[in-house]
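Residue-level listing of the chains:
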Amino acid sequence: MGVRRAGRPSSPYRGEAMEIPDQERVRREKLERLRAAGRDPFLQHGYPRTHSARELEKHAEALLGQQAAVCGRLQARRGHGKAIFADLVDESGRIQVYARLDDLGEEQFAAFDDLDLGDIIGARGEVFRTRTGELTVRVSEFALLAKALRPLPEKFHGLHDPEIRYRQRYLDLIAQPQVREVFRARAALIQAFRSYLCERGFLEVETPILQPLYGGAAARPFTTHHNALDMNLYLRIAPELYLKRLLVGGFERVFEIGRMFRNEGIDTRHNPEFTMIEVYQAYTDANGMMELVEGLVGAACQALHGSLKFTYRGNQIDVTPPWRRVPLLEAIRAASGLDFATIPDAATARQAVAERNLDIGNTAALGLWEIADKVFDRYVQPALVQPTFVTDYPVAISPLAKRKPDNPELTARFEPFLGGEEIGNAFSELNDPDEQRARFEQQVRARQEGDLEAHPMDEDYITALEYGMPPAGGLGLGIDRLTMVLTDQPNLREVILFPLLRPLSE
RNA sequence: GAGCCGUUAGCUCAGGCGGUAGAGCAUCGGACUUUUAAUCCGAGGGUCGUGGGUUCGAGUCCCACACGGCUCACCA
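## With respect to the overall build of chain A
(1) Moving on: Within chain A one finds 16 helices and 21 strands.
(2) Moving on: By its C-alpha atoms, chain A is 90 × 55 × 50 Å across when sized along the principal axes.
(3) Moving on: For chain A, the residues scored as buried account for 49% of the 506 residues in total.
(4) Moving on: Put simply, 64% of the contacts in chain A that link residues at least 6 apart link residues at least 24 apart.
(5) Moving on: Within chain A, one finds 63 positive and 74 negative side-chain charges whose respective centroids are separated by 6 Å.

Spelled out as structure tokens, the structure:
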């Protein structure tokens, strides 16, 4: 249905009066009459508002009998012949206004009666309470500030069509006020992160989004082109390598909040552009990052819920530290019986998977750690509802992480899980330039063998490491996923204002 | 990429076995000067996602396509 119904935002209907839907034709005609009478609403430049809905309610007792000027969108109307009740909705809430023929006179009352649902108006008058006790502005003067030429979604059932909700998010926000709360929560979460870090001496920085060479994660990039320099550039898949250059430069605590771009599929947990926070702290390590995650998520949870407990998908979740810690291979072994510490290669792993009838699809084309990853996704991750750090990732899939002193096959890396969702990635940063080069070379070989997401060689980064980077812990958290979990939304699209959709074909 | 489901009035939704499309809100006209999903009376509004096919006849059955949703796959 969307093709026609939602696909009309660009059609102006010029000279096609016969094709304009009924309700829009009526509104257009009203606008033409206003313009002809020299009262074009779109010539208004503002309105001297004195109170928002919330302010009006807050100062209700002092305002009774006083004048107030309010603004908002006309979202409901109850006519009574020579009087009209209407609901104005502004960002803070709803305001009832009451227009009477006696107060406005014939002409102004007729003009008020001519308003359509969706119109944006300003109104001024005396504040009073109706006999049912509702705070109301008795209109003595009003102005149409913008004409709504299209009818709004229906007031009672709201807007359900997910396609229109995402394509025309403004309609979603108008029709479903609770959707605004999700995005307020998102902003509060980011604010909580920012405050938490700034209070602890972290510096917020901005590093390039357009990068001559991408890196810092395993993902395929978007490519673009700079005309003047005639060079290809990549949209960043992660800010990691730039932030660590800042550690080399002498900043000891830095963070960046920003958009990342990964050229991958779209589903309930992935959007091609998403928001991540990355934090780097010198002279600490993965353990320090675990405490930081506990602190950050705790601060966000407090900001959103006033508590360290919340509900996601029907599960009570408690983020009180310390969070459970479990090594990756141990978690896999406990859940599946497979011990990847003793499995030498992919063929052995495939055989073990088959023997145990593990349901992870076709493993024929997968490498050893890809098989481990699948077993983890299928048998471990869904159970990680309470906050958990999965630790000790194999060095083969952690090209930027420092090895564990007691087991060089593993790294001091962890991923935090919450509500069964992976919400980030962190480790002790590899700062040995020679080993970093060897790791990159290994990635380059993987790329040559067909791994499109292997990390490219970054000589410039290695040069930076050669000047000396202090030992450090680094952390990335997915803002979208965290918001999804902390606001108990079922889908990443619910926390992204304008998720990517296919364009409508004409 | 695969499977399943969806697409009917501005919005939310009904439409057995194929017989020419309905409701509520919204809109238009009328009544009503403290209502609040206001109420009451009356009316208009549809290329049933697009294109083919089967049929005397298709919203309904079949095929293809588009967009979306869910699940899986891919992927942090």
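Here the narrative resumes.
## Considerations on a negative patch on the surface
(1) Moving on: Among the surface-exposed residues, E264, E370, D373, D377, D451 and E453 lie close enough to one another that they form a single negatively charged patch.
(2) Moving on: Counting through the fold element by element, D377 comes out in helix α13 (residues 368–380).
(3) Moving on: Residue classification places D377 among the partly exposed positions, given a relative accessible area of 40%.

## Considering the protein's contact with RNA strand B
(1) Moving on: Neighbouring residues of RNA strand B: 59 residues in total, closest T132, E163, A218, K374 and E415.
(2) Moving on: Sugar plus phosphate, as a fraction of atoms of RNA strand B within 4 Å of the protein: 60%.
(3) Moving on: G158 has a polar backbone atom sitting 2.9 Å from a sugar or linking oxygen of RNA strand B.
(4) Moving on: Those elements giving two or more residues to the surface near RNA strand B turn out to be α2 (22–36), β1 (67–79), β2 (83–90), β3 (93–100), α6 (162–167), α13 and β18 (413–418).
(5) Moving on: Broken down by element, the residue count for the surface near RNA strand B peaks at five residues, all from α6.

## A closer look at the sheet that holds strand β5 (residues 135–146)
(1) Moving on: Here we have five strands rolled up into a closed barrel, ordered β1-β2-β3-β5-β4, and mixed in their pairing. Recorded for the sheet is a direction-independent mean angle of 55 degrees between the axes of neighbouring strands.
(2) Moving on: Relative to β3, β2 runs antiparallel, the two sharing eight bridges. The residue of β3 that forms the bridge with D90 is G93.

## Quick notes on the nonpolar core
Nonpolar side chains tend toward joint burial in soluble globular proteins.
(1) Moving on: Core analysis: the biggest nonpolar cluster contains 44 residues, and F193, L197, I277, F310, L418, L475 and L482 have the highest contact counts within it.
(2) Moving on: Of all elements in the fold, only α8 (177–199), β10 (253–261), β11 (273–282), α10 (286–305), β12 (309–312), β18, β21 (472–478) and α16 (479–486) reach the threshold of two or more residues within this core.
(3) Moving on: The element that contributes the greatest number of residues to this core is α10, accounting for nine residues.
(4) Moving on: If we ignore the near neighbours within four places in the chain, the residues touching F193 are I277, L296, V297, A300, L477, I479 and L482.
(5) Moving on: Core analysis: the second largest hydrophobic core is formed by 28 residues, V70, A86, F112 and L115 among them.

## Points about the sheet that holds strand β9 (residues 231–235)
(1) Moving on: With antiparallel pairing, three strands are arranged side by side in an open sheet as β7-β9-β8. Edge strands, defined here as strands with exactly one partner in the open sheet, are β7 (210–211) and β8 (223–226).
(2) Moving on: As paired strands, β8 and β9 are joined by four bridges and run antiparallel to one another. Bridging across to β9, T223 finds its partner in Y234.

## Notes on the packing of α8 against α10
Angle between the axes and distance between the axes are the two parameters that describe a pair of packed helices.
(1) Moving on: Two elements in contact, α8 and α10, have axes whose closest approach is 8 Å; the angle formed by their N-to-C orientations is 135 degrees. In terms of axis orientation, α8 runs oblique to α10. Relative to α10, the crossing made by α8 is right-handed. In this structure, α8 contributes A185, A188, L189, A192, F193, Y196 and L197 to the contact, and α10 contributes L292, G295, L296, V297, A299, A300, A303 and L304.
(2) Moving on: Looking at side-chain class alone, the contact of α8 with α10 contains 14 nonpolar, one polar and no charged residues.

## Remarks on the packing of aromatic side chains
(1) Moving on: Tallied over the entire structure, the rule returns nine aromatic pairs.
(2) Moving on: Ring centres of W323 and F389 lie 4.9 Å apart, and the angle between their planes is 20 degrees; this geometry places the pair in the stacked category. Here W323, found in the loop between β13 (315–318) and β14 (324–327), pairs with F389, found in strand β15 (residues 388–391); they are 66 residues apart in sequence, far enough to count as distant. Residue W323 shares its accessibility class with F389, and that shared class is buried.
(3) Moving on: Just above the ring of Y242 sits the side chain of R245; from NZ or CZ to the centre is 4.8 Å.
(4) Moving on: Over the ring of Y393 we find R413; its NZ or CZ atom is 4.4 Å from the centre of that ring.

## Some points on helix α5 (residues 101–113)
(1) Moving on: Spanning 13 residues, α5 covers only 10 Å between terminal C-alpha atoms, well under the ideal 18 Å at 1.5 Å per step.
(2) Moving on: Maximal helix bending in α5 amounts to about 90 degrees, located at E107.
(3) Moving on: Within the sequence span of α5, burial applies to L101, L104, F109, A111 and F112.
(4) Moving on: Those residues of α5 that are buried are in contact with β1, β2, β3, β4 (120–129) and β5.

## Looking at the pattern of salt bridges
(1) Moving on: The final tally for this structure, using the stated rule, is 41 salt bridges.
(2) Moving on: Of the charged contacts in the structure, one is a salt bridge between E32 and R35, with a shortest N-O distance of 3.6 Å. With E32 and R35 both in helix α2 and three residues apart, this pair spans about one turn of that helix.
(3) Moving on: Ionic pairing is found between E91 and R184, a salt bridge with its closest N-O pair at 3.4 Å.

## Focus: the side chain of N491
(1) Moving on: Looking at where N491 falls in the secondary structure, it is placed in the segment after α16.
(2) Moving on: If we skip the residues at most four places from it in the chain, N491 touches T268, R269 and M484.

## Some remarks on the packing of helix α11 (residues 328–336) against α13
(1) Moving on: In the contact formed by α11 and α13, the axes pass within 9 Å of each other and the chain directions differ by 60 degrees. In terms of orientation, α11 lies oblique with respect to α13. Crossing geometry of α11 relative to α13 is assigned as left-handed. In this structure, α11 uses L328, L329, A331, I332, A335 and S336 to contact α13, whose residues at the interface are W369, A372, V375, F376, Y379 and V380.
(2) Moving on: A class-by-class count of the residues in the contact of α11 with α13 yields 11 nonpolar, one polar and no charged.

## Comments concerning the environment of E24
(1) Moving on: Following the sequence through the fold, E24 ends up in helix α2.
(2) Moving on: Residue class for E24 comes out buried when judged on its relative accessible area of 7%.
(3) Moving on: Once the C-alpha coordinates of E24 and G306 are considered, the two residues, 282 residues apart in sequence, prove to be 46 Å apart.

How each quantity is defined
- Residues numbered from 1 in each chain as written.
- Chains lettered and ligands numbered in written order.
- Predicted model: local features only at pLDDT ≥ 70, side-chain atom pairs only at ≥ 80, totals over all residues.
- Heavy atoms only, no water.
- Helix = DSSP H or I, 4+ residues; strand = E, 2+ residues; numbered from the N terminus.
- Buried < 20%, exposed > 50% of the residue type's maximum accessible area, 1.4 Å probe, protein only.
- Contact = heavy atoms within 4.5 Å.
- Lys, Arg positive; Asp, Glu negative; His and termini not counted.
- Charge placed at Lys NZ, Arg CZ, Asp CG, Glu CD.
- Patch = residues over 30% accessible without salt bridge, like charges linked within 9 Å, V, L, I, M, F, W, Y side chains within 5 Å.
- Areas by Shrake-Rupley, 256 points an atom, 1.4 Å probe, with all protein chains shown as cover.
- Salt bridge = Lys/Arg side-chain N within 4 Å of Asp/Glu carboxyl O.
- Near = heavy atom within 4 Å.
- Polar contact = N/O pair within 3.5 Å; in protein donor to acceptor, adjacent residues only side chain to side chain.
- Pairing = 2+ DSSP bridges.
- Axes fitted to C-alpha atoms, helices over the stretch in contact; angles between N-to-C directions.
- Core = buried A, V, L, I, M, F, W, Y, C linked by side-chain atoms within 4.5 Å.
- Parallel < 35°, antiparallel > 145°, perpendicular 65-115°, else oblique.
- Left-handed = near helix turned anticlockwise from the far one by under 90°.
- Nonpolar A, V, L, I, M, F, W, Y, C, P; charged D, E, K, R; others polar.
- Phe/Tyr/Trp six-rings, centres within 6.5 Å; stacked < 30°, edge-to-face > 60°.
- Lys NZ or Arg CZ within 6 Å of the ring centre and 35° of its normal.
- Expected span 1.5 Å × (residues − 1).
- Bend = angle between axes of the 7 residues up to and from the residue.

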